[in-house]
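Structural description and commentary
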Amino acid sequence: MEPTAPHVVVLAPDPLLTVTVEVSAETDVPEIHVHAGGQGLWLARMARSLGATVTACTPVGGETGTVAAHLAREEGIDLRTTPGPPTGAYVHDRRGGDRLEVARQPSRTLDRHSVDDLAGTFLVASLDADVCVLTGTQDPTLAPDVLGRLARDLRAAGRTVVADLSGPQARAVASVEGVVLKMSHEELVDGGFAADASLPALRAAARELVAAGLRALVVSRAGEPALVVAADEAFLTTTPPMTTVDHRGAGDSMTAGIAVGLARGESLSEAVRLGAAAGALNVTRHGLGTGRREQVERWAREIRVDPLMD
């Protein structure tokens, strides 16, 4: 009898409808790719690829929201939608090799009723989750205190919480005891958490945050080994070099891998190893938050974990 798939619930407050125009290398004919996107849904897609049962809670509205919700459900994501303003969208042209933004419909601030509906839906869905994941918004469309409140309520209910946030939204969650927080080194510096991007400064900032209550801080460092600091351990994860096709979505894929690993009951180091593999393989693909489970699982064995001594 196969083990039950881990259940991951994702808060996706900033969904997107993405339209990308590319050109076929074989026929030189334009190809149009339409997907549900945004940080939370990219993360949910990767978690689903890694074998988890995934529920994503997201506000949708307008024509773009209708299409994005349909596409997410077609990928096997259990999507719990709440009413919201018209869902953001973009059109990118990649026929020249680089991404050229043709048009963007920005996300809009969620009003009080939309926030209440989204928060309630997420909390109820999280009651049966192995891991709950908090993602944020690029624009200040969701107040940081909402994320802090959700993190506190989930931890009080005994849920495992993983957060991928930056700026004031990260700060609102950073003081909640027991949260695994993932940030990039740029976000740590820009948010005023670290003095600079050097390894000693990043580790010092991580130690302060863990001392304040975090279970662990995971710091992605672009091409450098990721830093992980917990109360009883600190280590670096090194990924073999790979040619980058598109770096976007790597961080979200890494967070998805960490969440799935923890949902399986793996140690922090093994979960981060899986996350590092998911993020590394994602940069070799055109699709954001995409990958094959068997490839990620195999690549995870190539990730080196080195304890970081004082």
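Remember, predicted model here, so these are calculated numbers, not experimental data. (Residues numbered from 1 in each chain as written. Predicted model: local features only at pLDDT ≥ 70, side-chain atom pairs only at ≥ 80, totals over all residues. Heavy atoms only, no water.)

So, about unusual backbone geometry. Positive phi is not limited to glycine here, since A222 has a value of about 55 degrees. Here A222 lies in the loop between strand 11 (216-221) and strand 12 (224-230). When its relative accessible area of 70% is taken as the criterion, A222 is described as exposed. (Helix = DSSP H or I, 4+ residues; strand = E, 2+ residues; numbered from the N terminus. Buried < 20%, exposed > 50% of the residue type's maximum accessible area, 1.4 Å probe, protein only.)

Before going further, it helps to spend a moment on the environment of M46. One can find M46 in helix 1 (residues 39-49). With 208 residues separating them in the primary sequence, M46 and M254 have C-alpha atoms 8.9 Å apart.

Attention shifts here to the sheet that holds strand 12. Taking strand neighbours across the sheet as the criterion, the ten strands line up as 5-4-1-8-9-10-11-12-13-14 in an open arrangement whose pairing is mixed. In this open sheet, the two edge strands, each paired with only one partner strand, are strand 5 (78-83) and strand 14 (304-307). The average undirected angle you get between the axes of adjacent strands in this sheet is 20 degrees. Across four bridges, the pairing between strand 1 (residues 7-11) and strand 8 (residues 131-135) is parallel. Along strand 8, the bridge assignment pairs L11 with L134. Contacts from helix 1 reach strand 1, strand 4 (53-60), strand 5, strand 8 and strand 9 (160-164) within the one sheet, and its direction differs from that of strand 4 by about 165 degrees. (Pairing = 2+ DSSP bridges. Axes fitted to C-alpha atoms, helices over the stretch in contact; angles between N-to-C directions. Contact = heavy atoms within 4.5 Å.)

Attention now moves to the packing of aromatic side chains. All chains considered together, the criterion is met by zero aromatic pairs. Looking at R171, its charged tip hangs above the ring of F193, at a distance of 4.1 Å from the centre. (Phe/Tyr/Trp six-rings, centres within 6.5 Å; stacked < 30°, edge-to-face > 60°. Lys NZ or Arg CZ within 6 Å of the ring centre and 35° of its normal.)

Here helix 3 (residues 112-126) is 15 residues long and its end C-alpha atoms lie 21 Å apart, about the 21 Å a rise of 1.5 Å per residue gives. Contact partners of the buried residues in helix 3: strand 1, strand 4, strand 5, strand 8 and helix 4 (144-156). A side-chain oxygen of the first residue of helix 3 lies 3.2 Å from the backbone nitrogen of H113; this N-cap is D111. (Expected span 1.5 Å × (residues − 1). Polar contact = N/O pair within 3.5 Å; in protein donor to acceptor, adjacent residues only side chain to side chain.)

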